[in-house]
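# Survey of secondary and tertiary structure
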Amino acid sequence: MNYDALLVLSFGGPEGPDDVRPFLENVTRGRGVPPERLDAVAEHYLHFGGVSPINRLNREIIAAVEAEFALTGVDLPVYFGNRNWHPMVEDTVAGMRDDGVRNALVFPTSAWGGYSGCRQYHEDIARARAAVGEGAPQLTKLRQYYDHPLLVDAFADAITAALHRLPADKRAGARVVFTAHSVPVSADAAAGPPSAGGHLYSRQVAEAARLCAAAAGVAEHDLVWQSRSGPPQIPWLEPDICDHLETLADSGVEAVVVCPVGFVSDHLEVIWDLDTEAVEKAAELGMAFERAGTPGDDPRFATLVRTLVQERTSGVAAARLGSEPAFGTTVDGSPCNPGCCEPPVRRRPA
Ligand SMILES: CC1=C(CCC(=O)O)c2cc3nc(cc4[nH]c(cc5[nH]c(cc1n2)c(C)c5CCC(=O)O)c(CCC(=O)O)c4C)C(CCC(=O)O)=C3C
Ligand SMILES: [Fe+2]
């Protein structure tokens, strides 16, 4: 197949205090997130001057991918578009059309299946093409990469480095705890094609955690969730990281390394929910705490992007370590499979 561009598609984040409210409105439109939760999350962003690191981190990833492409002879311009904040994907795809792009690949900054991790990115692709209308380029999303060996190696090295930052006498007894973004239990049950049994997101996260722990030579690890946002009466994946730190403290664990396996870079949910809240909780419990880095700024991440592209362009074999399926590759925003990762049923407005 001949492709003529790569679009890096991400979540987006505010770049100043005035962006915070409109950004959050874009994220939560029609999603039943309680207003108290929105106020709290707005405070988290304002704590950092209203600037999420996510756009800067994505621009750094794009610069690294451009350098990797130049070095390896991949002749594709790289574009950047977001779901929730500027540069909005609709505007980016319009610019791609104006530049004469006809047939582009799309790299999502989520490695996962599930509604939030995969299908919503397909929806973004379809919405952007519809907004552009005539002449919109064909857009083919790259696959879920939760088990890519370069992702696993980068996380594993980050875990090893974090273990070494712990006080030497605490290292041997330290527990490695993986976290990913919680989602409603119903959304996880609907993740993946129904014929494959659902729960694709939590299964992929659990497998990624196992692979990273094994690659780091870690014998025992836990998997927990973070950044829950729905109303309390709706069940989300549990336990939460902070509750889990209490459980570990009660059972005598004195040190933890927390690895945010569910995120490719240190965006706000990592620097607030882990580096601020979980750090405070650990201090309160008298536990030593180190947070493993994310792979986005590891040189291997740009190579990962290039090899995913080459799976499509040059028939390079898929580099995969896991046994859970990896879907995600479809054209122009169609779902991966019939009934796959159906959007949650929303309450009708009163
Ligand atoms: C699975 C998953 C990923 C990983 C896959 C991927 O990377 O895409 C992810 C990433 C991210 N989530 C992010 C931010 C937010 N997520 C929210 C809300 C929600 N996330 C959900 C799930 C996920 N989210 C869900 C089920 C909701 C409930 C509302 C809904 O059903 O959509 C809200 C609303 C406020 C709140 O309630 O927290 C915000 C502000 C940022 C950017 C951070 C920055 O600015 O640096 C990133 C990378
Ligand atoms: Fe989120």
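Residues numbered from 1 in each chain as written. Chains lettered and ligands numbered in written order. Predicted model: local features only at pLDDT ≥ 70, side-chain atom pairs only at ≥ 80, totals over all residues. Heavy atoms only, no water.

### Remarks on the side chain of Arg306
- Mapped onto the secondary structure, Arg306 falls in helix α13 (residues 299–313).
- Arg306 sits in the buried class, given a relative accessible area of 17%.
- Side-chain polar atoms of Arg306 contact the side chain of Glu68, separated by 2.7 Å.
- Sequence-distant contacts of Arg306, defined by excluding residues within four places in its chain, comprise Glu68, Phe69, Thr72 and Val74. (Helix = DSSP H or I, 4+ residues; strand = E, 2+ residues; numbered from the N terminus. Buried < 20%, exposed > 50% of the residue type's maximum accessible area, 1.4 Å probe, protein only. Polar contact = N/O pair within 3.5 Å; in protein donor to acceptor, adjacent residues only side chain to side chain. Contact = heavy atoms within 4.5 Å.)

### Points about the sheet that holds strand β8 (residues 288–291)
- Spatially, the four strands line up as an open sheet ordered β6-β5-β7-β8, and their pairing is parallel. Bordering the open sheet on either side are β6 (221–226) and β8, each of which pairs with just one other strand. Taking each pair of neighbouring strands and ignoring which way they run, the sheet shows an average axis angle of 25°.
- Inspection of the sheet shows strand β5 (residues 175–181) paired to β6 by six bridges, in the parallel sense. Residue pairing in the sheet places His181 in a bridge with Gln226 of β6.
- Here helix α6 (residues 149–165) sits on the sheet and contacts β5, β7 (255–259) and β8; the angle it forms with β7, its principal contact strand, is near 155°.
- The sheet strands contacting helix α10 (residues 241–250) are β5, β6, β7 and β8, and the helix crosses β6 at an angle near 145°. (Pairing = 2+ DSSP bridges. Axes fitted to C-alpha atoms, helices over the stretch in contact; angles between N-to-C directions.)

### Focus: the domain arrangement of the protein
- Under the domain assignment used here, the protein contains domain 1 (5–145 + 297–313) and domain 2 (149–295).
- Here the C-alpha centre of domain 2 lies 24 Å away from the C-alpha centre of domain 1.
- On the domain 2 side, the residues contacting the 25 residues of domain 1 number 30 residues.
- For the domain 1 face of the interface with domain 2, the top three residues by lost area are His44, Trp112 and Arg300, together amounting to 29%.
- Where domain 1 packs against domain 2, one counts one salt bridge.
- Put simply, Asp157 and Arg300 hold a salt bridge, and the shortest N to O gap is 2.8 Å.
- The set of elements that each furnish at least two residues to the side of domain 1 that touches domain 2 consists of α2 (35–47), α3 (54–72) and α13.
- By residue class, the composition of the side of domain 1 that touches domain 2 is 12 nonpolar, nine polar and four charged. (Domains from an automatic or database assignment. Buried area = accessible area lost by both parts, 1.4 Å probe. Salt bridge = Lys/Arg side-chain N within 4 Å of Asp/Glu carboxyl O. Nonpolar A, V, L, I, M, F, W, Y, C, P; charged D, E, K, R; others polar.)

### Structural notes on the UniProt feature "binding site: Fe(2+)" (unreviewed entry) in the protein
- When the UniProt feature table is mapped onto this chain, "binding site: Fe(2+)" (unreviewed entry) is found at His181 and Glu269. Maximum C-alpha separation among the annotated residues is 8.5 Å over a sequence range of 89 residues, consistent with a single clustered spot.
- Inspection of the secondary structure puts His181 in strand β5.
- Judged by its relative accessible area of 22%, His181 falls in the partly exposed class.
- Counting through the fold element by element, Glu269 comes out in helix α11 (residues 268–271).
- Leave out the neighbours within four places in its chain, and Glu269 touches His181, Gln226, Ser227, Phe263 and Leu274. (UniProt positions renumbered as here; feature names shortened; annotations may be inferred.)

### A short note on the pattern of salt bridges
- All told, the structure shown has 23 salt bridges when counted by the stated rule.
- Glu15 is the partner of Arg59 in a salt bridge, and the nearest nitrogen-oxygen pair spans 3.1 Å. In this pair, Arg59 is assigned in helix α3 and Glu15 in the loop between β1 (5–10) and α1 (20–28), connecting sequence segments 44 residues apart.
- Taking relative accessible area as the criterion, Arg59 reaches 41% and is therefore assigned partly exposed.
- One salt bridge in this structure joins Arg127 and Glu90, with 2.9 Å as the shortest N-O distance. Remark: Glu90 occurs in helix α4 (residues 89–98) and Arg127 occurs in helix α5 (residues 115–132); sequence separation between them is 37 residues.
- Within the structure, one salt-bridge network assembled from shared partners comprises Arg83, Glu90, Asp124 and Arg127.

### Some details on the sheet that holds β1
- If you walk across this open sheet you meet the four strands as β2-β1-β3-β4, and the pairing is parallel. The sheet is open, and its two borders are formed by β2 (78–82) and β4 (138–141), each paired with just one other strand. Pairs of neighbouring strands in the sheet enclose a mean axial angle of 30°, with direction left out of account.
- With four bridges joining them, strand β3 (residues 103–108) and β4 adopt parallel strand pairing. Residue pairing across strands places Ala104 opposite Leu139, the latter belonging to β4.
- Docked against the sheet, α3 engages β1 and β2, running at close to 160° with respect to β2.

### Description of the packing of α1 against α2
- It is the contact of α1 with α2, at a shortest axis distance of 10 Å, that shows an interaxial angle of 135°. Considering their axes alone, α1 and α2 lie oblique with respect to each other. Remark: the crossing between α1 and α2 carries right-handed chirality. Across the interface between the two elements, Val20, Arg21, Phe23, Leu24 and Thr28 from α1 touch Leu38, Asp39, Val41, Ala42, Tyr45 and Leu46 from α2.
- A breakdown of the residues in the contact of α1 with α2 according to their chemical character gives eight nonpolar, one polar and two charged. (Parallel < 35°, antiparallel > 145°, perpendicular 65-115°, else oblique. Left-handed = near helix turned anticlockwise from the far one by under 90°.)

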